[in-house]
Amino acid sequence: MTAIPFNKPYLTGQELGYIKQADSNGHLSGNGPFSQKCQQWLENNIGAPKALLTQSGTSALEMAALLLDIQPGDEIIMPSYTFVSTANAFALRGAVPVFVDIRKDTLNLDETLIEAAITSKTKAIVPVHYAGVGCEMEPIMKIAEKHRLWVLEDAAHGIMASYKDKPLGKWGHLSAFSFHETKNIISGEGGALIVNDPQFIDRAEILWEKGTNRKKFLNGLVDKYSWVDIGSSFLPSDLIAAFLWAQMEKAQEITQYRLNIWNTYHQAFENLEKEGRVRRPIVPSNCEHNAHMYYLLMENHEKRNQFLENLKQKHNIQAVFHYIPLHNSPAGLKYGRSPGSLNNTVELSNRLVRLPLWVGLEKNQSSVIKKILLEVRRT
Ligand SMILES: *Cc1c(COP(=O)(O)O)cnc(C)c1O
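Residues numbered from 1 in each chain as written. Predicted model: local features only at pLDDT ≥ 70, side-chain atom pairs only at ≥ 80, totals over all residues. Heavy atoms only, no water.

## Quick word on the pattern of salt bridges
And step 1. Throughout the structure, instances matching the rule amount to 19 salt bridges.
And step 2. A salt bridge links Lys303 to Glu299, with the nearest nitrogen and oxygen atoms 3.2 Å apart.
And step 3. A relative accessible area of 27% places Lys303 in the partly exposed class.
And step 4. What you see here is one network of salt bridges that share partners, running through Lys50, Glu205 and Lys215. (Salt bridge = Lys/Arg side-chain N within 4 Å of Asp/Glu carboxyl O. Buried < 20%, exposed > 50% of the residue type's maximum accessible area, 1.4 Å probe, protein only.)

This is the structure in structure tokens:
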């Protein structure tokens with residue numbers, strides 16, 4: 001059987017044409033016509049007052065940490081079950097990631113454990129919308145308001161998904177998206193910072209443009225532009241934005257396509273769940289997800305590893321595990337703090353398998369499913 005990769009980047013067909021167009025525009029650096037189209041799309045799609053493209057989801061998180069004025073010793077509440085960048089963005093500022101356990105159903109930050117982790121040093125909460133399924137943002141925002149904390153959504157998985165009819169990325173004061181090639185909407189590397197709280201807009205544009213007031217200069221508000229704050233070069237080239245624009249134009253179709261594949265898996269594995277062999281993903285009724293990921297929870301760690309190995313060796317199907325918890329990693333132990341139990345994090349990460357999910361998989365999906373059924377029942 002032909003090899004089935006875990007991920008395969010999908011191109012809509014317009015990407016290279018738009019890159020050519022960017023070239024003819026003669027604006028290759030950042031914040032050009034395609035960047036503005038993409039930012040406008042994000043602002044409309046999320047309903048946010050400001051979106052800024054960044055070079056990655058990581059750099060959007062780093063920008064957010066600067067904007068929130070995070071200082072050494074500040075504490076940031078986040079799941080341990082996440083990508084390293086969620087924690088790194090704050091560790092880079094000398095802050096302490098405070099790891100809180102996840103819910104068993106969605107594998108998202110357990111909102112009922114947040115308050116116990118708050119101290120006088122806590123500055124922000126960073127919920128991660130795992131697999132494009134929204135965190136319980138309503139209670140999280142209430143806790144943040146009560147304790148005067150900032151909320152930064154790590155919405156790297158969250159494009160085109162919503163919680164309580166409001167898009168992911170629209171709930172927090174700030175949020176970060178990723179357009180890495182493994183995400184739903186891609187530009188190779190890429191990301192965006194969403195600013196929902198208008199008080200951050202002006203400074204976000206300054207940090208983004210190397211700490212200068214270039215925006216005001218371009219708008220004719222000042223007669224020369226100068227260094228006014230810290231900052232860096234967070235903006236991507238307009239060539240990257242051109243590629244991304246081709247994806248955004250087809251975001252609806254791409255999402256629907258992925259949902260079809262997700263639903264096919266979900267139906268196919270219903271009996272495995274009834275037999276008690278796996279647990280399928282749980283999407284709460286107040287969440288509309290985007291099929292970023294399809295995963296199964298196996299009975300235990302050994303069976304998970306054996307299953308992955310069998311799929312690879314016998315069937316040439318690449319399924320993969322996911323995040324290695326941060327709290328007991330070398331850097332997590334050095335920079336972070338874990339005030340409570342992280343039992344769900346450890347257990348669920350040990351049991352989780354992500355299945356191939358990409359546009360184009362449908363041609364082989366029934367044979368992939370057959371082999372998965374076979375191997376789960378045999379392992
Ligand atoms: C992908 C990802 C990031 C980082 O995005 P990059 O664009 O790869 O820098 C951050 N957080 C989570 C949860 C992610 O999955």
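## Structural notes on the pairing of strand β4 (residues 122–125)
And step 1. Strand direction decides the pairing type here: strand β2 (residues 75–79) and β4, joined by 3 bridges, are parallel. By the bridge assignment for β4, Ile76 is matched with Ala124.
And step 2. Judged from the 2 bridges that link them, β4 and strand β5 (residues 150–154) form a sheet pairing that is parallel. Following the sheet pairing, Ala124 is matched in β5 by Trp150. (Pairing = 2+ DSSP bridges. Helix = DSSP H or I, 4+ residues; strand = E, 2+ residues; numbered from the N terminus.)

## Some words on a nonpolar patch on the surface
And step 1. A grouping of Phe217, Leu218 and Tyr225 is seen on the molecular surface, where their side chains present a nonpolar patch of about 290 Å² in accessible area.
And step 2. Relative to the helices and strands, Leu218 resides in helix α8 (residues 214–218). (Patch = residues over 30% accessible without salt bridge, like charges linked within 9 Å, V, L, I, M, F, W, Y side chains within 5 Å. Areas by Shrake-Rupley, 256 points an atom, 1.4 Å probe, with all protein chains shown as cover.)

## Remarks on helix α4 (residues 84–91)
And step 1. Counted residue by residue, α4 has 6 buried out of 8 residues, so it is predominantly covered.
And step 2. Elements that come into contact with the buried residues of α4 comprise α3 (57–67), β2, β3 (96–100), β5 and α13 (330–335). (Contact = heavy atoms within 4.5 Å.)

## Observations regarding the domain arrangement of the protein chain
And step 1. Along its sequence, the protein chain is organised into domain 1 (15–249) and domain 2 (251–378).
And step 2. The straight-line distance from the C-alpha centre of domain 1 to that of domain 2 is 26 Å.
And step 3. Counting residues at the interface gives 45 residues for domain 1, matched by 40 residues for domain 2.
And step 4. With both chains or domains summed, domain 1 and domain 2 bury close to 3500 Å², and 57% of this area falls on carbon and sulfur atoms.
And step 5. Area buried by domain 1 at its contact with domain 2 is led by Tyr81, Phe99 and Asn184, which between them contribute 19% of it. (Domains from an automatic or database assignment. Buried area = accessible area lost by both parts, 1.4 Å probe.)

## Looking at the site of the ligand
And step 1. Among the 16 residues in the neighbourhood of the ligand, the closest are listed as Gly57, Thr58, His157, Ser178 and Lys183.
And step 2. Side-chain polar atom of Thr58 to an oxygen atom of the ligand: 2.5 Å apart, as the coordinates give it.
And step 3. For the ligand, whose accessible area on its own is 380 Å², the fraction buried by protein is 93%.
And step 4. The element best represented in the shell around the ligand is α3, accounting for 3 residues.
And step 5. In the shell around the ligand, the residues fall into 5 nonpolar, 9 polar and 2 charged. (Near = heavy atom within 4 Å. Polar contact = N/O pair within 3.5 Å; in protein donor to acceptor, adjacent residues only side chain to side chain. Nonpolar A, V, L, I, M, F, W, Y, C, P; charged D, E, K, R; others polar.)

## A few points about the packing of aromatic side chains
And step 1. In total, this model carries 12 aromatic pairs according to the counting rule given.
And step 2. One aromatic cluster in this structure is built from Tyr81, Tyr130, Tyr295 and Tyr323.
And step 3. The ring of Trp171 has Lys166 sitting right over it, with the charged end atom 4.1 Å from the ring centre. (Phe/Tyr/Trp six-rings, centres within 6.5 Å; stacked < 30°, edge-to-face > 60°. Lys NZ or Arg CZ within 6 Å of the ring centre and 35° of its normal.)

## Here's the deal with the sheet that holds strand β8 (residues 174–178)
And step 1. A sheet is described by the order of its strands in space; here 7 strands give the open sequence β1-β9-β8-β5-β4-β2-β3, paired in mixed fashion. Of all strands in the sheet, those bounded by a partner on one side alone are β1 (50–54) and β3. For this sheet, the mean inter-axis angle between neighbouring strands, taken without regard to orientation, is 25 degrees.
And step 2. The sheet contacts of α4 involve β2, β3 and β5, and relative to β2 the element is tilted by about 175 degrees.
And step 3. Strands β4 and β5 of the sheet are contacted by helix α6 (residues 137–147), whose axis makes an angle of about 150 degrees with β5. (Axes fitted to C-alpha atoms, helices over the stretch in contact; angles between N-to-C directions.)

## A short note on the nonpolar core
And step 1. Membership of the largest hydrophobic core comes to 33 residues, with the highest contact counts inside it found for Met63, Ile76, Phe90 and Leu174.
And step 2. Those elements that place two or more of their residues in this core are α3, β2, α4, β8, β9 (191–195) and α7 (201–208).
And step 3. If one sorts the elements of this core by residue count, α3 sits on top with 7 residues.
And step 4. In contact with Ile76, not counting residues within four places along its chain, are Ile70, Phe90, Ala95, Val96, Pro97, Val98, Lys123, Ala124 and Val126. (Core = buried A, V, L, I, M, F, W, Y, C linked by side-chain atoms within 4.5 Å.)

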